[in-house]
Structures are given as structure tokens and as C-alpha cells.
Amino acid sequence: MPNIVVVHNRKGGAGKTTMSIHIADGLSKSGQKVLLIDGDSQGNCALGLGLNFGTDTEDWLMRGRWHPHAISPTFDLLASGPSEEVWWESVTLPLLAKQSRWITAYEWVIIDTAPGDSLFNRAVIQWSSKVIIPANLQFYSAAGVINLLKSVPRERVLGIVPNFYDLRTKRTLEVLENIKAQFPMMLSPRPIRQCVDLERASEAGQSIWDWNPHATAADDYYDLIEWMVSSYGEN
Ligand SMILES: Nc1ncnc2c1ncn2[C@@H]1O[C@H](COP(=O)(O)OP(=O)(O)O)[C@@H](O)[C@H]1O
Ligand SMILES: [Mg+2]
């Protein structure tokens, strides 16, 4: 079975989709065979990769139909988008296990999730090997992570990744220190800095490495993946 990594935080706007896309794209650029599953009917993974909404995730789980989009020879996407059915409330661990035969060809499966609590989110967390939690550096963020950790076993958390780090504001540092104190040993070694080019890249349907390899986020995401792969091996 591949390494299955869920990117989750119950808060919206924490950077889940951006992080999922970059982890998937970065791993695939290093030659790994990667599947990105969009588990959010907002369908932002497709938009961020320059595609239209799709129903690939829903078709795979609800109908056993497998038709991923090839982003590159080593990178497939199961796209999502608006749906008439609330399919994500029918997803269970046995269903994921039953449909797992499709994913055995990949080395990594990265799952982007919708904010909030849902049966899909709970099931993929159970199914995964590890969870990555992007956290924005604002007051409610630590409370949100405490809330989430009530349903995610600590040993399954690969790391909390502080996002939107802004060196110019003292407040960002204060919140980061607060999160560090509350979750010792759980933070990734380097935060992802605030970088407006990430938004421009998504709008252009590209990853930061393709849009502007000199952007701070290009370095930060490179380091994140390096850390992720090495700490994955240790766990
Ligand atoms: N480090 C960052 N710096 C600046 N903007 C970011 C950063 N990470 C994400 N964004 C932007 O913030 C917004 C929310 O990110 P998104 O990945 O959609 O969060 P979520 O999936 O958790 O709702 C998007 O417009 C995205 O481009
Ligand atoms: Mg999202």
C-alpha cells in the first residue's frame, strides 16, 4: 500500500488545498508516483491545477468508476466539484478499504479535505498512515487544533505546519510561540511564510515551482517535503 497522507484542519482557509497540491506536486517532481484525492466538493484542487471541477472522487467511491486526471506522468488527480448528492456523508472505512485496489500503483496518496467534521474526513483519517495539519497563525488556530486532536490519535499526526508566517508582524511570532508551547514536538521545523505568489500560482493553475521558483514559498515547500519524507521514515 502507498503512504497515505491526509491534509486536514477543521478550519477553512488554513491552507489545506494549497498544501495538498504542493506536497503532491513536489513529491511527483522528485520522481515519486503520486495520487492527489480532492475530498472537498469545492473542487479547488482541480482549479489550482488548471482544470475544471470533476466528479472523479465521488465516482470512485460511490460508483467504483476510476478515471483520474493525469497532471504529469507521475501525478494523478481525483478531482471533485459540486454534487447533487451529499456523498461525503456515506464514506466509511470499509468502503475505502473496498476501493483501495485502485491506489496500489502509487507510492504516495495525498488527500485534501473539506473544513469541518464529516464522515469522509473521519474515515480518511482512519484510513491514512499520517495526518498533516496546516495551521494559520491567528488566535483561534490553537483552539481549532486542540479540537481536531480530540478525534485524531497523536501518533497519527506527522506534524502541525504553521502557515501564513509573516516575519514583519510581532503578532505572528506570539501566536507561533503559543502553538509551540501547546503542542511541543508536534510542529514542523519551518513554517510556510506568507507569500502572495502562492495565490497567483493557483490562479494560473500552476504550482509555485512552475509559477515562480524564486518565491519564498518555493523554498518553504521544498523544505516541508524534505522534512515530511524524512520524518515519515522515522515514524
Ligand atoms: N503561505 C501562504 N501565503 C499566502 N497565501 C496563502 C498561503 N497559503 C495559502 N494561501 C492562500 O490562502 C487562501 C486559502 O488557502 P487554501 O489552501 O484554499 O485553504 P483551505 O483549503 O484550508 O481552505 C488561498 O487563496 C491561498 O492561495
Ligand atoms: Mg480547501
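To keep things clear, this report deals only with the structure shown in the data block. Computed from a prediction, not measured in an experiment: that's the story for all the values here. (Residues numbered from 1 in each chain as written. Chains lettered and ligands numbered in written order. Predicted model: local features only at pLDDT ≥ 70, side-chain atom pairs only at ≥ 80, totals over all residues. Heavy atoms only, no water.)

This part covers the nonpolar core. The biggest cluster of nonpolar side chains holds 38 residues, and the ones touching the most others in it are Ile111 and Phe183. Core analysis: the next-biggest nonpolar cluster, separate from the first, contains 35 residues, Val7, Ile23, Ile132 and Leu224 among them. (Core = buried A, V, L, I, M, F, W, Y, C linked by side-chain atoms within 4.5 Å. Buried < 20%, exposed > 50% of the residue type's maximum accessible area, 1.4 Å probe, protein only.)

This brings us to the packing of helix 6 (residues 139–149) against helix 7 (residues 170–182). Across the interface, helix 6 lies against helix 7 with an axial gap of 9 Å and an inter-helix angle of 20 degrees. In terms of orientation, helix 6 lies roughly parallel with respect to helix 7. The hand of the helix 6/helix 7 crossing is right-handed. In this structure, helix 6 contributes Phe139, Ser141, Ala142 and Ile146 to the contact, and helix 7 contributes Arg171, Val175, Ile179 and Gln182. Each residue belonging to the contact of helix 6 with helix 7 can be placed in one class, and the counts come to five nonpolar, two polar and one charged. (Axes fitted to C-alpha atoms, helices over the stretch in contact; angles between N-to-C directions. Helix = DSSP H or I, 4+ residues; strand = E, 2+ residues; numbered from the N terminus. Parallel < 35°, antiparallel > 145°, perpendicular 65-115°, else oblique. Left-handed = near helix turned anticlockwise from the far one by under 90°. Contact = heavy atoms within 4.5 Å. Nonpolar A, V, L, I, M, F, W, Y, C, P; charged D, E, K, R; others polar.)

Another aspect to go through is helix 7. Here helix 7 spans 19 Å end to end across 13 residues, near enough to the 18 Å set by a 1.5 Å rise per residue. Restricting attention to buried positions, one finds in helix 7 the residues Thr172, Val175, Leu176 and Ile179. An end-on view of helix 7 places all buried positions within 100 degrees of arc, on one side of the element. Away from the buried face of helix 7 by more than 90 degrees, exposed residues Lys170 and Ala181 are located. On its buried face, helix 7 is in contact with strand 6 (130–136), helix 6 and strand 7 (157–163). (Expected span 1.5 Å × (residues − 1). Arc of directions from axis to C-beta.)

Okay, the environment of Val229 next. You can see Val229 is positioned in helix 10 (residues 216–234). Judged by its relative accessible area of 38%, Val229 is partly exposed. A C-alpha to C-alpha distance of 9.0 Å links Val229 and Leu27, two positions 202 residues apart in sequence. Setting aside residues up to four positions removed in sequence, Val229 forms contacts with Leu27 and Trp108.

Within the open sheet, the seven strands sit side by side as 3-4-2-5-1-6-7. Their pairing is mixed. Each end of this open sheet is capped by a strand with a single partner; those strands are strand 3 (69–72) and strand 7. Each strand of the sheet is rotated relative to its neighbour by a mean of 20 degrees, with strand direction disregarded. Sheet topology note: the strand 2 (residues 34–39)/strand 4 (residues 75–78) ladder contains four bridges and is parallel. Residue pairing across strands places Leu35 opposite Asp76, the latter belonging to strand 4. Strand contacts of helix 5 (residues 119–127): strand 1 (3–7), strand 2, strand 5 (108–113) and strand 6, with the helix running at about 155 degrees to strand 5, the strand carrying the most contacts. Here helix 6 sits on the sheet in contact with strand 6 and strand 7, set at roughly 160 degrees to strand 6. (Pairing = 2+ DSSP bridges.)

Attention now moves to the pairing of strand 2. With six of six residues buried, strand 2 lies mostly within the body of the structure. Going residue by residue along strand 2, you find Val34, Leu36 and Asp38 tucked away on one face and Leu35, Ile37 and Gly39 tucked away on the opposite face as well. Judged from the six bridges that link them, strand 2 and strand 5 form a sheet pairing that is parallel. Along strand 5, the bridge assignment pairs Gly39 with Thr113.

Spatial relationships are all this shows, so hold off on functional conclusions.
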